[in-house]
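Examining the three-dimensional arrangement
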Amino acid sequence: MGRIMNSITIALSKGRIFDETAPMLKAAGIVALDDPETSRKLILTTNHANVWLIIVRASDVPTYVQYGAADIGIAGKDVLLEHGGAGFYQPLDLNIASCRMMVAVQKDFDYETAVRQGARLRVATKYLRTAQEHFAEKGMHVDLIKLYGSMELAPIVGLADAIVDLVSSGNTLNANQLKAVEEIMPVSARLIINQAALKVKRALIQPMLKAFLEAAKKNSVVNMSKVKVQHRDRNLFL
Ligand code: PRT
Ligand code: MG
């Protein structure tokens with residue numbers, strides 16, 4: 001797929017990333033011919049004969065792009081940080097699927113005092129790398145417990161003192177008697193590009209990137225004041 005010289009393959013996950021990317025793709029003139037929510041197809045054709053979308057797990061998007069199985073991907077900063085970022089550029093923050101990476105504890109847990117007293121906390125998370133870096137920066141010793149989902153349950157059943165998870169409305173924390181006590185970072189989805197693909201398919205990718213950037217500007221869903229072109233990769237657009 002990604003190796004075909006005159007085609008572009010875009011990897012993304014269904015659900016919120018697809019839902020929020022679709023209007024931007026449309027504004028860039030690309031429309032999927034199947035709906036990933038109702039179709040079981042993992043390769044979606046588009047109105048362009050040489051543009052495909054592949055539907056993969058959110059956390060697998062960087063891997064497909066790293067190895068060139070997809071030329072372009074859309075993935076959350078949370079996922080990109082856990083992956084590490086090898087093999088691709090991250091030129092564009094799309095400012096979609098926005099949320100915050102937070103530390104949360106049970107409502108009656110005194111996190112500040114525990115931190116001040118140097119308590120060794122057990123922290124459950126899907127985001128080991130991000131959590132590890134955060135607590136190391138704070139000089140805190142924590143025991144990290146890797147989970148693959150439903151982190152909110154861990155403090156309730158005594159598996160952990162705290163969790164590191166994404167929060168958007170805060171409803172999930174609330175429904176499980178948890179409170180956010182620390183923001184680690186804001187998170188949003190970024191467009192990523194395989195490094196080799198950018199070289200060998202530049203003629204195809206460059207106009208698409210420009211269209212994507214323009215679409216982001218025009219799309220009222222996207223707040224352009226927050227769309228950032230990262231300095232290191234700014235030259236991709238010149
Ligand atoms: O679901 P799956 O296990 O397949 O993978 P995934 O969870 O990685 O994918 P998906 O599609 O759920 O999320 C894709 C991307 O959306 C993530 O990588 C984030 O960058 C972004 N995103 C934005 C979020 C949220 N907001 C979000 N709220 N991802 C997950 N959540 C979850 C959060 O983990 C928590 O369980 O929603 C719950 C909290 O939501 P509120 O509104 O109750 O606060
Ligand atoms: Mg999910």
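Residues numbered from 1 in each chain as written. Chains lettered and ligands numbered in written order. Predicted model: local features only at pLDDT ≥ 70, side-chain atom pairs only at ≥ 80, totals over all residues. Heavy atoms only, no water.

1. Observations concerning the overall build of the protein
Rules: Secondary structure counts use DSSP, requiring at least four H or I residues in a row for a helix and at least two E residues in a row for a strand, with both numbered from the N terminus. For every residue, the accessible area (1.4 Å probe, protein chains only) is compared with the maximum for its type, and the residue is labelled buried under 20%, exposed over 50%, or partly exposed between those bounds. Contacts are assigned to residue pairs that have any heavy atoms within 4.5 Å of one another. What sets the accessible areas is the Shrake-Rupley method with a 1.4 Å probe; for residues, cover comes only from the shown protein chains.
Looking only at helices and strands, one finds nine helices and 11 strands in the protein. Relative to its 238 residues, the protein shows a buried fraction of 47%. For the protein, the share of sequence-separated contacts (at least 6 apart) that also reach a separation of at least 24 residues comes to 69%. As presented, the protein carries roughly 12,100 Å² of accessible surface, and 52% of it is formed by carbon and sulfur atoms.

2. A word on the pattern of salt bridges
To keep it simple, the criterion reads: The salt bridge definition used is simple: a Lys or Arg side-chain nitrogen within 4 Å of an Asp or Glu carboxyl oxygen.
Taken as a whole, this structure holds six salt bridges when the rule is applied. Between Asp71 and Lys201 there is a salt bridge whose closest N-O contact spans 3.0 Å. Here Asp71 is found in the loop between helix 2 (61-66) and strand 4 (72-76), whereas its partner Lys201 is found in the loop between helix 8 (195-200) and helix 9 (202-218), with 130 residues between them in sequence. With a relative accessible area of 1%, Asp71 lands in the buried category.

3. Details of helix 1 (residues 16-27)
For clarity, the cut-off: Here a helix's expected span is defined as the number of its residues, less one, multiplied by 1.5 Å. Note that the arc is defined by the directions from the helix axis to the C-beta atoms.
Look at helix 1: 18 Å from first C-alpha to last across 12 residues, which is about the 16 Å you get at 1.5 Å a residue. Ile17, Phe18, Thr21, Met24 and Leu25 are the residues of helix 1 that are buried. Along the axis of helix 1, the buried residues cluster in a sector spanning 130 degrees; they form a single face. Exposed residues pointing more than 90 degrees away from the buried face of helix 1 are listed as Arg16, Lys26 and Ala27. Of the residues one or two after helix 1, Gly29 is the one with positive phi, at around 90 degrees.

4. Observations concerning the sheet that holds strand 7 (residues 121-125)
Counted only if it meets this: Paired strands, in this sense, are two strands between which DSSP finds at least two bridges. Axis definition: a line fit to C-alpha positions, over the contact stretch in the case of helices; interaxial angles, taken between N-to-C directions, run 0 to 180 degrees.
Here five strands make up an open sheet; going across it, the order is 8-7-9-6-10 and the pairing mixed. Sheet topology places strand 8 (142-146) and strand 10 (178-187) at the edges, where each strand pairs with a single neighbour. Averaged over all adjacent pairs, the angle separating strand axes in this sheet is 30 degrees, with direction ignored. Bridging between strand 6 (residues 99-106) and strand 10 involves eight bridges; their strand directions are antiparallel. For Val105, the partnering residue across the bridge sits in strand 10 and is Lys179.

5. Remarks on the sheet that holds strand 2 (residues 43-45)
Pairing is mixed across the open sheet formed by six strands, whose spatial order is 2-3-1-4-11-5. Each edge of the open sheet carries a strand with a single partner, namely strand 2 and strand 5 (88-93). Taken pair by pair, the neighbouring strands of this sheet meet at an average axis angle of 25 degrees, ignoring direction. When strand 5 meets strand 11 (residues 189-194), the two strands line up antiparallel, connected through four bridges. Each residue of the ladder has a partner; that of Leu92, found in strand 11, is Leu191. With respect to the sheet, helix 1 is in contact with strand 1 (8-12), strand 2, strand 3 (51-55), strand 4 and strand 11, its orientation differing from that of strand 1 by roughly 145 degrees.

6. Describing the site of ligand 1
Our working definition: Throughout, near means a residue has at least one heavy atom within 4 Å of the molecule or strand. Residues adjacent in sequence count toward polar contacts only when both atoms are side-chain atoms; beyond that, a polar contact is any pair of N or O atoms within 3.5 Å, and within protein one must be able to donate a hydrogen and the other to accept it. Each residue gets one label: Ala, Val, Leu, Ile, Met, Phe, Trp, Tyr, Cys and Pro are nonpolar, Asp, Glu, Lys and Arg are charged, and the others, such as Gly, are polar. The split of the chain into domains comes from an automatic or database domain assignment.
Taken together, 21 residues form the shell around ligand 1, and within it Asp78, Ser168, Ser169, Gly170 and Thr172 come nearest. At 3.3 Å, a side-chain N or O of Arg16 approaches a nitrogen atom of ligand 1. Between ligand 1 and Thr172 there is a distance of 2.4 Å, counted from an oxygen atom to a side-chain nitrogen or oxygen. In isolation ligand 1 offers 810 Å² of accessible surface; the protein chains occlude 77% of this area. Elements with a contribution of two residues or more to the shell around ligand 1: helix 1, helix 3 (77-83), strand 9 (162-167) and helix 7 (171-175). By residue class, the composition of the shell around ligand 1 is eight nonpolar, six polar and seven charged. When residues are assigned to domains, the shell around ligand 1 turns out to be shared by domain 1 (8-97 + 188-237) and domain 2 (99-186), each giving three or more.

7. What to know about unusual backbone geometry
Phi at Ala97 takes a positive value of approximately 50 degrees, unusual for a residue other than glycine. Relative to the helices and strands, Ala97 is located in the loop between strand 5 and strand 6. The phi torsion at Gln177 lies on the positive side, around 60 degrees, for a residue other than glycine. Within the secondary structure, Gln177 is located in the loop between helix 7 and strand 10.

8. Section: a nonpolar patch on the surface
Put simply, the test is: Each patch is assembled from residues with relative accessible area greater than 30% and no salt bridge, linking like charges that lie within 9 Å and nonpolar side chains (Val, Leu, Ile, Met, Phe, Trp, Tyr) that lie within 5 Å.
Together, Leu153, Ile156, Val157 and Leu159 make up a nonpolar patch on the protein surface, roughly 340 Å² of accessible area in all. Looking at where Val157 falls in the secondary structure, it is placed in the loop between helix 6 (153-156) and strand 9. The exposure class assigned to Val157 is exposed, which follows from its relative accessible area of 57%.

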